[in-house]
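Each chain is listed here by its residues.
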Amino acid sequence: MTAPHTPAGGTPLLVGEGLCKAFGPTAALDGASVAIRAGEVVAIMGPSGSGKSTLLHCLAGITRPDSGRVLYQGQEVSAMSDSERSALRRTRFGFVFQFGQLVPELTCLENVALPLRLERVRRREAERRAAEWLERLEVTDVAGKRPGEISGGQGQRVAVARALVTGPQVVFADEPTGALDSLNGERVMRLLTQAARETRAAVALVTHEARVAGYSDREVVVRDGRTRHMEHTR
Ligand SMILES: Nc1ncnc2c1ncn2[C@@H]1O[C@H](COP(=O)(O)OP(=O)(O)OP(=O)(O)O)[C@@H](O)[C@H]1O
């Protein structure tokens, strides 16, 4: 088991140690370890099929590793019950994926307000906070539109607003710019990392694009289910 690489300066917020996960005969993770501090943007890079998404899903408590453990603020996520893990995901974590994450029947404002509504925040207050986040992400103009009526880049910025509206401690982003052209991708990354830095949210970012990883503080490279740690990129 590899020891998690702990970056200098501060106790890690989220740690994965010696993570192994197989899907049938395929070893997606084979002893991967990573430690993320509060407010840090970490890029998880590596070739297709190397285990990046599986690592992200284990860290986020979506996938339970076969062995190894995930600690969030010292608490073992992999040992929590399903309901404890979903509460953690709802209240402390935010998610941005490559595609199809917005609810098509809801307006963009309602989509961003949704995580707050699930936490029983009143509609007026939830929509007020959602509107603020749409403004920060420079998409106020799409508030009343449905996801099918906006561009891919606008949709990703709405998705980032939704991921951040609850004030998460960690944002998990899996190829958030994968479906965008480079200009829109840069805009999403600039706004995501700026908002995360302002709110001290950590970001775990899966990408295979060096330009996207350039927005991170540090890179972790996954190869054949194992991790390699690169020192600060900036
Ligand atoms: N649910 C699953 N069922 C079966 N095999 C899976 C599953 N999820 C992942 N795998 C396999 O595990 C390995 C790692 O997959 P993973 O999606 O983590 O890689 P990745 O680095 O994120 O790839 P990509 O960059 O192509 O998205 C691959 O061989 C993949 O086919």
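Going by the structure above, here's the rest.
This write-up is about the structure you can find in this document. (Residues numbered from 1 in each chain as written. Predicted model: local features only at pLDDT ≥ 70, side-chain atom pairs only at ≥ 80, totals over all residues. Heavy atoms only, no water.)

Attention shifts here to the nonpolar core. Among the nonpolar cores identified, the biggest contains 41 residues, and Val112, Trp133, Val158 and Val171 are the most heavily contacted of them. Going through the elements one at a time, strand 3 (41–45), helix 3 (108–118), helix 4 (123–136), helix 5 (152–164), strand 7 (170–174), helix 6 (182–199), strand 8 (202–206) and helix 7 (210–213) are the ones with two or more residues in this core. By size, the runner-up hydrophobic cluster in this structure holds 28 residues, among which are Leu14, Leu19, Ala32 and Val77. (Core = buried A, V, L, I, M, F, W, Y, C linked by side-chain atoms within 4.5 Å. Buried < 20%, exposed > 50% of the residue type's maximum accessible area, 1.4 Å probe, protein only. Helix = DSSP H or I, 4+ residues; strand = E, 2+ residues; numbered from the N terminus.)

This part takes up the layout of surface pockets. What the largest pocket holds in volume is close to 340 Å³. If you go around the largest pocket, you meet 15 residues; those closest to its centre are Arg89, Arg90, Phe93, Phe95 and Pro115. Going through the elements one at a time, helix 2 (82–92), strand 6 (93–96), helix 3 and helix 5 are the ones with two or more residues in the lining of the largest pocket. Among the residues forming the lining of the largest pocket, the class breakdown is eight nonpolar, four polar and three charged. (1 Å grid on protein atoms, 1.4 Å probe; cavity = no way out; pocket = protein on both sides within 12 Å on 5 of 7 lines; lining within 4 Å. Points joined across faces, edges and corners; volume = space filled by probe spheres on them. Nonpolar A, V, L, I, M, F, W, Y, C, P; charged D, E, K, R; others polar.)

A few words on the site of the ligand. Taken together, Phe23, Thr26, Ala28, Pro47, Ser48, Gly49, Ser50, Gly51, Lys52, Ser53 and Thr54 are the residues near the ligand. Here serine 50 contributes a backbone N or O atom positioned 3.1 Å from an oxygen atom of the ligand. For the ligand, an oxygen atom lies 2.6 Å from a polar atom in the side chain of threonine 54. About the coverage of the ligand: the protein hides 57% of its 640 Å² of free accessible area. (Near = heavy atom within 4 Å. Polar contact = N/O pair within 3.5 Å; in protein donor to acceptor, adjacent residues only side chain to side chain. Areas by Shrake-Rupley, 256 points an atom, 1.4 Å probe, with all protein chains shown as cover.)

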